[in-house]
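Chain and residue survey
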Amino acid sequence: MNVTGEPSFRESVDLMFNRASALMNLSPGLEQKIRVCNSTYTVRFGVRLRGKIETFTGYRSVHSEHMEPVKGGIRYAINVSQDEVEALAALMTYKCALVETPFGGSKGGLCIDPRAWDEHELELITRRFAYELIKRDLIHPAQNVPAPDMGTGEREMAWIVDQYARMNTTDINAKACVTGKPLNSGGIRGRVEATGRGVQYALQEFFRHKEDVALARLSGTLDGKTAVVQGLGNVGYHAAKFLSEEDGVKIVAAIERDGAVVDASGLNIEELKQWIAANGGVKGFPGAQYVEDGASLLEHDCDILIPAAMEGVIHKGNADRIRAPLIIEAANGPITFGADEILRAKGIVIIPDMYANAGGVTVSYFEWVKNLSHIRFGRMQRRAEEARSRLLVAELERLSGDEGLGWELKPNFKDKFLTGSDELALVRSGLDDTMRTAYQSMREVWHGRNDVTDLRVAAYIVAISRVAETYRSKGL
Ligand code: GLU
């Protein structure tokens, strides 16, 4: 139990697991083996900074090694704890199984306020933390592959891969030891925005299924729907930007650290993001109403609520007041177990985290494969594809010409058709396919069984059965 009287994050994940596993036919031994966290390594290390030695505490938790490498981000935040990394590692196991990325689940964290240190200091701290994990194979292309999470990004991943390469000078696959790297360090196009893109694709897929939309007491398409986003970090910013710029969703409120801004006609997310970068918060953003009590906006009237900040923001204390009929969990664990019960009783449809934010690890998987194959996706086939398309266009032009059938080609058809798929196009296609397929596997369970009434239980059932299958075929 934590101070609010609710279970801790890890307990909350376990309770959600139990709710699903109670509906499955697993032997009690196997059920427990899947639920428990295999190991959590705690490290305390010192770094000489500003003339004195600072001690930092970090974790790398491995939840399940039914497939290796294990995968999951490294978080930098002051309140990182063993309970939190274990909860997040468990979610990684289920997430990877659900979206069929061939990994076990892991997560790391460092207790640090990244804003309290300058770039050079952060590099020293990150390299030292990476050193501690690398020497125990807790960062390794075949065993444990971290990625960005809250408080980390491309920059930290570049330091980590360089540290690994220095310590493993003959490892030809060194670049695959971590994902979410910048392009020049072995990254892949489309990784930075992948989680936000995945949230967009998840909502697009949800709205393709009219019966599901009706269960959320909504109708029609995404176009014109209103949404509230909590957190304009990497995930929330990209999700809100794509949904508003490409799908016609109106972001009527955005909640940030210093409060929230509200605009019934829809916020311009790009301008808001620039405002935050220049001013340190949302306060004063022109044309929008500022509300100091940001969290109260979670209870704002809207069609879609997008918690994209951190765990436990929707809890027993506010769940009853949530008005959005549809919630998509862009963050990991934003709804506590207790809140989940209240929201379900109210008939609110929740698109669960392990599915909704799986875009990040999906594109991480593509990056890892790229690193291991040592070639950019599309490099071999792109021009061959274009050459074949050119042949077809030439033939169509002949047929539509004076001596042909008199057809007319649409003005931009030629340009669009002639462009072969580059890395970004392939990454998007792979991500879109993954999000569609995973949604369909959840929905089959959701609608196919009388005892399953929500997407979260459906997601757990799909994930747990896949993990169980792997254990069974290994002979465990
Ligand atoms: N930290 C992200 C997550 O929670 C990405 C993990 C990864 O790419 O390995 O899913």
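Please read these numbers as outputs of a predicted model, since none were measured by experiment.

1. Quick notes on the overall build of the chain
Looking only at helices and strands, one finds 16 helices and 13 strands in the chain. Against the compact-globule benchmark of 23 Å for 476 residues, the chain has a radius of gyration of 23 Å, which places it among compact chains. When its C-alpha atoms are laid out on the principal axes, the chain stretches across 80 × 55 × 55 Å. Taking all 476 residues of the chain together, 56% fall into the buried category. Long-range contacts, defined here as pairs at least 24 residues apart, represent 69% of the contacts in the chain between residues at least 6 apart.

2. Remarks on the packing of helix α6 (residues 194-207) against helix α12 (residues 359-373)
How two helices sit against one another is set out by the angle between their axes and by the gap between those axes. Between α6 and α12, the least distance of the axes is 7 Å, while the angle of their chain directions is 120°. Here α6 is positioned oblique relative to α12, judged by the angle of their axes. Considering the relative orientation of α6 and α12, their crossing is right-handed. Counted together, A194, T195 and G198 of α6 and G359, G360 and V363 of α12 form the full contact between these two elements. Grouping the amino acids of the contact of α6 with α12 by side-chain chemistry returns 2 nonpolar, 4 polar and no charged.

3. Concerning the sheet that holds strand β10 (residues 289-291)
Within the open sheet, the 7 strands sit side by side as β10-β9-β8-β7-β11-β12-β13. Their pairing is mixed. At either end of the open sheet lies a strand with only one pairing partner, and these are β10 and β13 (349-351). Each neighbouring strand pair of the sheet contributes to a mean axis angle of 20°, computed without reference to strand direction. Pairing of strand β12 (residues 326-328) with β13 involves 3 bridges; the strand directions are parallel. Following the sheet pairing, L326 is matched in β13 by V349.

What counts and what doesn't
Residues numbered from 1 in each chain as written. Predicted model: local features only at pLDDT ≥ 70, side-chain atom pairs only at ≥ 80, totals over all residues. Heavy atoms only, no water. Helix = DSSP H or I, 4+ residues; strand = E, 2+ residues; numbered from the N terminus. Rg over C-alpha atoms; globule rule 2.2 N^0.38 Å. Buried < 20%, exposed > 50% of the residue type's maximum accessible area, 1.4 Å probe, protein only. Contact = heavy atoms within 4.5 Å. Axes fitted to C-alpha atoms, helices over the stretch in contact; angles between N-to-C directions. Parallel < 35°, antiparallel > 145°, perpendicular 65-115°, else oblique. Left-handed = near helix turned anticlockwise from the far one by under 90°. Nonpolar A, V, L, I, M, F, W, Y, C, P; charged D, E, K, R; others polar. Pairing = 2+ DSSP bridges.

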